[in-house]
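Next come the chains, spelled out residue by residue.
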Amino acid sequence: SNQIHSDLVRPVTCADVKRDLYDVEPYEVDGLVTDIPGVSLVVFGADCLPVLFYDPVRRVAAAAHAGWRGTALGIAARAALRMREDYGCRPEHIRAAIGPGISPCCFLTRDDVPGALRDGLGSQAETCIRPAEDGRWHVDLKGANALWLRRAGLSPEHIALCPDCTACRTDRFWSHRVMGERRGSMAAIIQLL
């Protein structure tokens, strides 16, 4: 998809299936959901978090790209909501995996990011931010997305978090914050068999 750092989630139908990964999409979204076996849902990132979903009961999969803007807007919760509303999934059946991304150790921001998280999560955002000594903030995007997922009704034991920080591990991952434009992107893929 053409990712735009939003909270938009789109169902994928047979009409959306591409012949080539690099075919241009006519839509801009940061989340995809489907119940069609064999369709790969792909999101890209290089510090932003991939969030993958699976409902083994209804056999529905989803993928979300969660940068800080999408996280503040609740992209993870919106994907779970689309699974519920469009496909009849029940939150207690949905499994979610939050993949590697920038972690609080390296994600230092000005007031805009904590402010956006507070706008979206209210006082609960305080569990995902802490002040740094230089006036900036350490932000926990993985924790914020897990919080959104719990708010959407997912069981905490059905939410897996990858502990890896993309900025700390540039030997293993791409990091936009560390490498800038001289980097690639990582793909997270989920497919129903």
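Structure shown above.
Quantities reported herein were computed from a predicted structural model and do not represent experimental measurements.

## Quick look at the nonpolar core
Then step 1. Counting residues in hydrophobic clusters, the biggest one holds 43 residues, and the most contacted among them are Phe 53, Met 83, Leu 117, Val 139, Leu 149 and Leu 154.
Then step 2. Of all the secondary-structure elements, those providing two or more residues to this core are strand S4 (49–55), strand S5 (60–66), helix H2 (75–87), strand S6 (95–98), helix H3 (112–121), strand S9 (137–139) and helix H4 (141–151).
Then step 3. Element by element, the count of residues in this core is highest for H2, at seven residues.
Then step 4. Setting aside its immediate chain neighbours within four residues, Leu 154 contacts Ala 80, Pro 91, Ile 94, Ala 96, Leu 149 and Ile 159.
Then step 5. Core analysis: the next-biggest nonpolar cluster, separate from the first, contains 14 residues, Ala 61, Ala 63, Ala 188 and Ile 190 among them.

## Section: the pattern of salt bridges
Then step 1. The tally for this structure, following the rule as stated, stands at nine salt bridges.
Then step 2. For Lys 18, the salt bridge goes to Glu 25, with nearest N and O atoms at 3.3 Å.
Then step 3. Assessed through its relative accessible area of 11%, Glu 25 is described here as buried.
Then step 4. Two residues, Arg 172 and Asp 164, come together in a salt bridge whose shortest N-O distance is 3.7 Å.

## Let's talk about the pairing of S4
Then step 1. Among the seven residues that make up S4, six are buried, leaving the element largely enclosed by the rest of the structure.
Then step 2. Bridge analysis of S4 against S5 gives seven bridges, and the strand direction is antiparallel. Residue Tyr 54 lies in a different strand from S5, and its bridge partner there is Ala 61.
Then step 3. Counting the residues between successive antiparallel strands, the hairpin from S4 to S5 contains four residues, one of them, Arg 59, with a positive phi of roughly 60°.
Then step 4. As paired strands, S4 and S6 are joined by four bridges and run antiparallel to one another. Along S6, the bridge assignment pairs Leu 52 with Ala 97.

## Topic: the side chain of Thr 166
Then step 1. Relative to the assigned elements, Thr 166 resides in the loop between strand S10 (159–161) and helix H5 (176–179).
Then step 2. A distance of 2.6 Å separates polar atoms of two side chains, one belonging to Thr 166 and the other to Asp 47.
Then step 3. The residues touching Thr 166, leaving out its near neighbours within four places in the chain, are Asp 47, Pro 100, Gly 101, Ile 102, Phe 173, Trp 174, Ser 175 and Met 186.

## What to know about H3
Note that an α-helix has 3.6 residues per turn; residues three or four places apart therefore point the same way.
Then step 1. Those residues of H3 not exposed but buried are Val 113, Pro 114, Ala 116, Leu 117 and Leu 121. An end-on view of H3 places all buried positions within 160° of arc, on one side of the element.
Then step 2. Buried-residue contacts for H3 involve helix H1 (68–73), strand S7 (108–109), strand S8 (129–131), S9 and H4.

Rules used throughout
- Residues numbered from 1 in each chain as written.
- Predicted model: local features only at pLDDT ≥ 70, side-chain atom pairs only at ≥ 80, totals over all residues.
- Heavy atoms only, no water.
- Core = buried A, V, L, I, M, F, W, Y, C linked by side-chain atoms within 4.5 Å.
- Buried < 20%, exposed > 50% of the residue type's maximum accessible area, 1.4 Å probe, protein only.
- Helix = DSSP H or I, 4+ residues; strand = E, 2+ residues; numbered from the N terminus.
- Contact = heavy atoms within 4.5 Å.
- Salt bridge = Lys/Arg side-chain N within 4 Å of Asp/Glu carboxyl O.
- Pairing = 2+ DSSP bridges.
- Polar contact = N/O pair within 3.5 Å; in protein donor to acceptor, adjacent residues only side chain to side chain.
- Arc of directions from axis to C-beta.

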